[in-house]
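Chain by chain, the residues:
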Amino acid sequence: MVVESDGLLDESSLIAAPLPQEAVRVRLDQPRADDLADLVFLANNKTVAANLAAMPHPFKLEDGRSLIARAAQHRENYALFAIRLKSTGRLIGVAKYAPVDTDGPVHVGYWLGEPFWGQGLATEAVHAMVDHAFTHNDIEELQGSCRVTNPASRRVLVKSGFQYRDQGMIRSVGAGGSVPIERYTLERGVWKSLKGWGQGQ
(Lines give C-alpha, C1' and ligand atoms only; values in the text may rest on other atoms or scores of the structure.)
Protein backbone atom coordinates (compact mmCIF):
# COMPACT_ATOMS: atom_id res chain seq x y z
CA MET A 1 0.00 0.00 0.00
CA VAL A 2 1.25 3.47 -0.79
CA VAL A 3 1.45 5.78 2.19
CA GLU A 4 0.27 9.33 2.55
CA SER A 5 2.15 12.56 3.06
CA ASP A 6 3.35 13.73 6.46
CA GLY A 7 4.43 17.18 5.34
CA LEU A 8 7.79 18.48 4.16
CA LEU A 9 10.96 17.95 6.18
CA ASP A 10 14.59 18.87 5.58
CA GLU A 11 16.60 16.40 3.53
CA SER A 12 18.98 16.20 6.51
CA SER A 13 16.24 14.40 8.44
CA LEU A 14 16.65 11.27 6.27
CA ILE A 15 18.20 9.36 9.17
CA ALA A 16 16.40 6.53 10.91
CA ALA A 17 15.20 7.82 14.26
CA PRO A 18 14.95 5.57 17.34
CA LEU A 19 11.49 4.08 17.56
CA PRO A 20 9.67 5.32 20.68
CA GLN A 21 8.13 2.96 23.22
CA GLU A 22 4.82 4.61 22.43
CA ALA A 23 3.72 7.53 20.36
CA VAL A 24 3.72 10.86 22.16
CA ARG A 25 0.82 12.67 20.51
CA VAL A 26 -1.14 9.92 18.79
CA ARG A 27 -2.54 6.54 19.70
CA LEU A 28 -3.72 3.62 17.58
CA ASP A 29 -6.92 1.73 18.31
CA GLN A 30 -9.91 0.24 16.54
CA PRO A 31 -12.09 2.57 14.44
CA ARG A 32 -15.68 2.78 15.69
CA ALA A 33 -19.08 3.59 14.27
CA ASP A 34 -18.97 7.03 15.88
CA ASP A 35 -15.82 7.79 13.85
CA LEU A 36 -17.77 7.57 10.60
CA ALA A 37 -18.34 11.29 10.06
CA ASP A 38 -14.67 12.20 10.64
CA LEU A 39 -13.51 9.21 8.61
CA VAL A 40 -15.57 10.10 5.54
CA PHE A 41 -14.78 13.81 5.77
CA LEU A 42 -11.01 13.23 5.92
CA ALA A 43 -10.85 10.31 3.47
CA ASN A 44 -12.93 12.00 0.79
CA ASN A 45 -9.90 13.87 -0.53
CA LYS A 46 -8.53 13.34 -4.02
CA THR A 47 -4.95 14.00 -2.96
CA VAL A 48 -5.16 11.41 -0.19
CA ALA A 49 -6.70 8.82 -2.51
CA ALA A 50 -4.14 9.42 -5.26
CA ASN A 51 -1.31 8.49 -2.87
CA LEU A 52 -2.91 5.19 -1.85
CA ALA A 53 -3.39 1.90 -3.64
CA ALA A 54 -6.99 1.00 -2.86
CA MET A 55 -8.85 4.04 -1.52
CA PRO A 56 -11.72 5.08 -3.78
CA HIS A 57 -12.56 8.66 -4.62
CA PRO A 58 -15.12 9.85 -3.82
CA PHE A 59 -15.04 8.10 -0.45
CA LYS A 60 -18.63 7.51 0.64
CA LEU A 61 -20.46 6.46 3.78
CA GLU A 62 -20.55 2.84 2.65
CA ASP A 63 -16.77 2.93 2.15
CA GLY A 64 -16.35 4.16 5.70
CA ARG A 65 -18.64 1.46 7.09
CA SER A 66 -16.71 -1.18 5.14
CA LEU A 67 -13.40 0.05 6.55
CA ILE A 68 -14.73 -0.05 10.11
CA ALA A 69 -16.01 -3.58 9.55
CA ARG A 70 -12.64 -4.73 8.17
CA ALA A 71 -10.90 -3.36 11.26
CA ALA A 72 -12.90 -5.79 13.42
CA GLN A 73 -11.64 -8.83 11.49
CA HIS A 74 -9.10 -11.09 13.18
CA ARG A 75 -6.55 -12.47 10.75
CA GLU A 76 -2.95 -13.51 10.96
CA ASN A 77 -0.43 -10.69 10.52
CA TYR A 78 -3.22 -8.16 10.06
CA ALA A 79 -4.34 -5.04 11.90
CA LEU A 80 -6.24 -1.92 10.85
CA PHE A 81 -6.14 1.03 13.25
CA ALA A 82 -7.64 4.43 13.70
CA ILE A 83 -4.93 7.04 14.24
CA ARG A 84 -6.17 9.36 16.98
CA LEU A 85 -4.92 12.48 18.67
CA LYS A 86 -4.26 11.56 22.29
CA SER A 87 -5.40 15.00 23.41
CA THR A 88 -8.91 14.74 21.96
CA GLY A 89 -9.46 11.13 20.89
CA ARG A 90 -10.41 12.37 17.43
CA LEU A 91 -9.72 10.14 14.43
CA ILE A 92 -7.20 11.83 12.13
CA GLY A 93 -6.26 8.96 9.84
CA VAL A 94 -5.85 5.22 9.40
CA ALA A 95 -2.88 2.83 9.66
CA LYS A 96 -2.74 -0.79 8.56
CA TYR A 97 -0.47 -3.76 8.10
CA ALA A 98 -1.51 -6.86 6.17
CA PRO A 99 -0.18 -9.49 3.79
CA VAL A 100 -1.05 -8.56 0.23
CA ASP A 101 -1.40 -12.24 -0.70
CA THR A 102 -1.86 -15.35 1.43
CA ASP A 103 1.54 -16.18 2.96
CA GLY A 104 2.95 -13.15 1.15
CA PRO A 105 5.00 -10.27 2.58
CA VAL A 106 3.34 -8.01 5.13
CA HIS A 107 2.87 -4.45 3.90
CA VAL A 108 2.30 -1.32 5.96
CA GLY A 109 0.24 1.65 4.83
CA TYR A 110 -1.32 4.73 6.32
CA TRP A 111 -2.92 8.04 5.60
CA LEU A 112 -3.63 11.21 7.56
CA GLY A 113 -6.33 13.77 6.90
CA GLU A 114 -4.94 16.84 5.18
CA PRO A 115 -5.48 19.20 8.17
CA PHE A 116 -2.97 17.08 10.11
CA TRP A 117 -0.11 17.00 7.61
CA GLY A 118 3.27 18.52 8.34
CA GLN A 119 3.27 17.96 12.11
CA GLY A 120 5.21 14.71 12.40
CA LEU A 121 2.09 12.81 13.43
CA ALA A 122 2.33 10.21 10.68
CA THR A 123 5.87 9.31 11.75
CA GLU A 124 4.65 8.70 15.30
CA ALA A 125 1.80 6.56 13.99
CA VAL A 126 4.09 4.46 11.79
CA HIS A 127 6.48 3.93 14.72
CA ALA A 128 3.60 2.70 16.88
CA MET A 129 2.28 0.46 14.10
CA VAL A 130 5.71 -1.08 13.49
CA ASP A 131 6.06 -1.76 17.22
CA HIS A 132 2.68 -3.50 17.23
CA ALA A 133 3.42 -5.57 14.13
CA PHE A 134 6.71 -6.95 15.42
CA THR A 135 5.62 -7.30 19.05
CA HIS A 136 2.35 -9.15 18.46
CA ASN A 137 3.24 -11.26 15.41
CA ASP A 138 5.98 -13.56 14.13
CA ILE A 139 6.69 -11.23 11.22
CA GLU A 140 10.36 -11.13 10.21
CA GLU A 141 10.10 -8.28 7.70
CA LEU A 142 7.71 -5.45 6.92
CA GLN A 143 7.44 -3.81 3.54
CA GLY A 144 6.26 -0.31 2.70
CA SER A 145 6.02 1.79 -0.41
CA CYS A 146 5.41 5.36 -1.49
CA ARG A 147 4.80 7.12 -4.77
CA VAL A 148 7.94 8.61 -6.21
CA THR A 149 6.12 11.97 -6.18
CA ASN A 150 5.56 11.77 -2.41
CA PRO A 151 8.90 12.66 -0.76
CA ALA A 152 7.27 13.29 2.63
CA SER A 153 6.10 9.69 2.85
CA ARG A 154 9.56 8.52 1.80
CA ARG A 155 10.99 10.42 4.76
CA VAL A 156 8.44 8.88 7.13
CA LEU A 157 9.47 5.38 6.04
CA VAL A 158 13.19 6.14 6.34
CA LYS A 159 12.76 7.78 9.75
CA SER A 160 10.92 4.62 10.82
CA GLY A 161 13.90 2.42 9.92
CA PHE A 162 12.77 1.21 6.49
CA GLN A 163 15.52 0.74 3.91
CA TYR A 164 15.19 1.31 0.17
CA ARG A 165 14.80 -1.85 -1.90
CA ASP A 166 13.74 -1.02 -5.46
CA GLN A 167 11.20 0.70 -7.67
CA GLY A 168 8.10 -0.63 -9.38
CA MET A 169 4.58 0.15 -10.46
CA ILE A 170 1.30 -0.24 -8.60
CA ARG A 171 -2.29 0.37 -9.57
CA SER A 172 -3.87 3.21 -7.61
CA VAL A 173 -7.67 3.37 -7.61
CA GLY A 174 -7.60 7.01 -6.51
CA ALA A 175 -5.06 8.02 -9.16
CA GLY A 176 -7.03 6.20 -11.84
CA GLY A 177 -4.21 4.01 -13.11
CA SER A 178 -0.71 2.69 -12.56
CA VAL A 179 1.81 4.90 -10.77
CA PRO A 180 5.55 4.49 -10.09
CA ILE A 181 6.51 3.67 -6.51
CA GLU A 182 9.58 3.10 -4.38
CA ARG A 183 9.60 -0.01 -2.18
CA TYR A 184 11.17 -0.25 1.28
CA THR A 185 11.75 -3.01 3.83
CA LEU A 186 12.30 -3.17 7.59
CA GLU A 187 13.70 -6.37 9.10
CA ARG A 188 12.98 -7.44 12.67
CA GLY A 189 16.67 -7.25 13.55
CA VAL A 190 16.91 -3.65 12.41
CA TRP A 191 13.79 -2.80 14.41
CA LYS A 192 15.31 -4.37 17.52
CA SER A 193 18.44 -2.28 17.06
CA LEU A 194 16.40 0.89 16.72
CA LYS A 195 14.44 0.03 19.84
CA GLY A 196 17.74 -0.48 21.63
CA TRP A 197 18.98 2.95 20.58
CA GLY A 198 15.75 4.46 21.92
CA GLN A 199 16.44 2.84 25.30
CA GLY A 200 20.03 4.09 25.40
CA GLN A 201 21.51 0.59 25.00
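Above this text sits the structure in question.
What you see is a predicted model; the values in this text were computed from it and never measured. (Residues numbered from 1 in each chain as written. Predicted model: local features only at pLDDT ≥ 70, side-chain atom pairs only at ≥ 80, totals over all residues. Heavy atoms only, no water.)

## Some thoughts on the overall build of the protein chain
Definition in use: Secondary structure is summarised from DSSP: a helix means a run of H or I of at least four residues, a strand means a run of E of at least two, and numbering begins at the N terminus for each. For every residue, the accessible area (1.4 Å probe, protein chains only) is compared with the maximum for its type, and the residue is labelled buried under 20%, exposed over 50%, or partly exposed between those bounds. Working rule for contacts: check all heavy atoms of both residues, and any pair within 4.5 Å makes them a contact.
Across its full length, the protein chain carries six helices and seven strands. Listing every helix and strand of the protein chain by position from the N terminus yields β-α-α-α-β-β-β-α-β-α-β-β-α. Across the 201 residues of the protein chain, 52% fall into the buried class. In the protein chain, of all internal contacts separated by at least 6 residues, the share reaching a separation of at least 24 is 69%.

## Thoughts on the sheet that holds strand E6 (residues 163-172)
Note the following rule: Strand pairing is defined by DSSP finding a minimum of two bridges between the two strands. For helices, the fitted axis covers only the stretch in contact; all axes are lines through C-alpha atoms, and the angles between them, taken along N-to-C directions, range from 0 to 180 degrees.
If you trace the seven strands from one edge of the open sheet to the other, you get E1-E2-E3-E4-E5-E7-E6, paired in mixed fashion. Strand pairing shows two members of the sheet lacking a second neighbour, strand E1 (26-29) and E6, which therefore form its edges. Direction aside, the axes of adjacent strands within the sheet are offset by 30° on average. Bridge analysis of E6 against strand E7 (residues 177-187) gives nine bridges, and the strand direction is antiparallel. If you follow Ser172 over to E7, its bridge partner there is Gly177. Here helix H5 (residues 151-159) sits on the sheet and contacts strand E4 (106-112), strand E5 (141-147) and E7; the angle it forms with E5, its principal contact strand, is near 160°.

## Details of the pattern of salt bridges
For clarity, the threshold we go by: In the sections that follow, a salt bridge refers to a side-chain nitrogen of Lys or Arg positioned within 4 Å of a carboxyl oxygen of Asp or Glu.
Tallied over the entire structure, the rule returns twelve salt bridges. Notably, a salt bridge pairs Asp29 with Arg84, separated by 2.5 Å at the nearest N-O pair. Here the residue Asp29 occupies a position in strand E1, and Arg84 occupies one in strand E2 (residues 79-85), the gap between them amounting to 55 residues. Judged by its relative accessible area of 0%, Arg84 is buried. Asp35 is paired through a salt bridge with Arg32; the nearest N and O atoms lie 4.0 Å apart. The exposure class assigned to Asp35 is buried, which follows from its relative accessible area of 3%. We classify Arg32 as partly exposed; its relative accessible area is 36%. Connected via shared salt-bridge partners are Arg27, Asp29, Arg32, Asp34, Asp35 and Arg84.

## Focus: the nonpolar core
For clarity, the threshold we go by: Each nonpolar core is a collection of buried residues, namely Ala, Val, Leu, Ile, Met, Phe, Trp, Tyr and Cys, held together in the definition by side-chain atoms within 4.5 Å.
Among the nonpolar cores identified, the biggest contains 52 residues, and Tyr97, Trp111, Leu142 and Phe162 are the most heavily contacted of them. Per element, the largest residue contribution to this core is eight residues, and it comes from helix H4 (residues 121-135). Setting aside anything within four residues of it in sequence, one finds Tyr97 in contact with Asn77, Tyr78, Ala79, Phe81, Val106, His107, Val108, Met129, His132, Ala133, Asn137 and Ile139.

## Quick notes on unusual backbone geometry
The step from His57 to Pro58 runs through a cis peptide bond, and the omega angle for that step is 5°. By secondary structure assignment, the location of Pro58 is in the loop between helix H2 (46-50) and helix H3 (61-71). Phi at Asn77 takes a positive value of approximately 55°, unusual for a residue other than glycine.

## Considering the environment of Arg25
Applicable threshold: N or O atoms within 3.5 Å of each other form a polar contact, as long as, within protein, one can give a hydrogen and the other can take it, and as long as residues adjacent in sequence are counted only when both atoms are side-chain atoms.
The topology assignment puts Arg25 in the segment before E1. The exposure class of Arg25 is partly exposed, given its relative accessible area of 36%. Beyond its immediate sequence surroundings of up to four residues, Arg25 is in contact with Arg84, Leu85, Lys86, Gln119, Gly120, Leu121 and Glu124. Among the polar contacts listed, one links the side chain of Arg25 to the backbone oxygen of Gln119, at a separation of 2.8 Å.

## Concerning the packing of aromatic side chains
As a reminder, the rule being used: Aromatic contacts are taken between Phe, Tyr and Trp rings whose centres are within 6.5 Å, Trp giving its six-membered ring; a plane angle under 30 degrees counts as stacked, one over 60 as edge-to-face, and the others as tilted. Charge over a ring is defined by NZ of Lys or CZ of Arg lying within 6 Å of the ring centre and within 35 degrees of the ring normal.
Counted by the stated rule, this structure contains three aromatic pairs. Seen from the ring of Tyr78, Arg75 lies directly overhead, with NZ or CZ sitting 3.9 Å from the centre.

## A closer look at H3
Selection criterion: Working definition: the arc comes from the directions between the helix axis and the C-beta atoms, pointing outward to the latter.
Restricting attention to buried positions, one finds in H3 the residues Gly64, Leu67, Ile68 and Ala71. Buried residues in H3, looked at end-on, bunch into an arc of 95°, giving them a common side. In this structure, the buried side of H3 is in contact with helix H1 (36-43), E2 and strand E3 (91-99).

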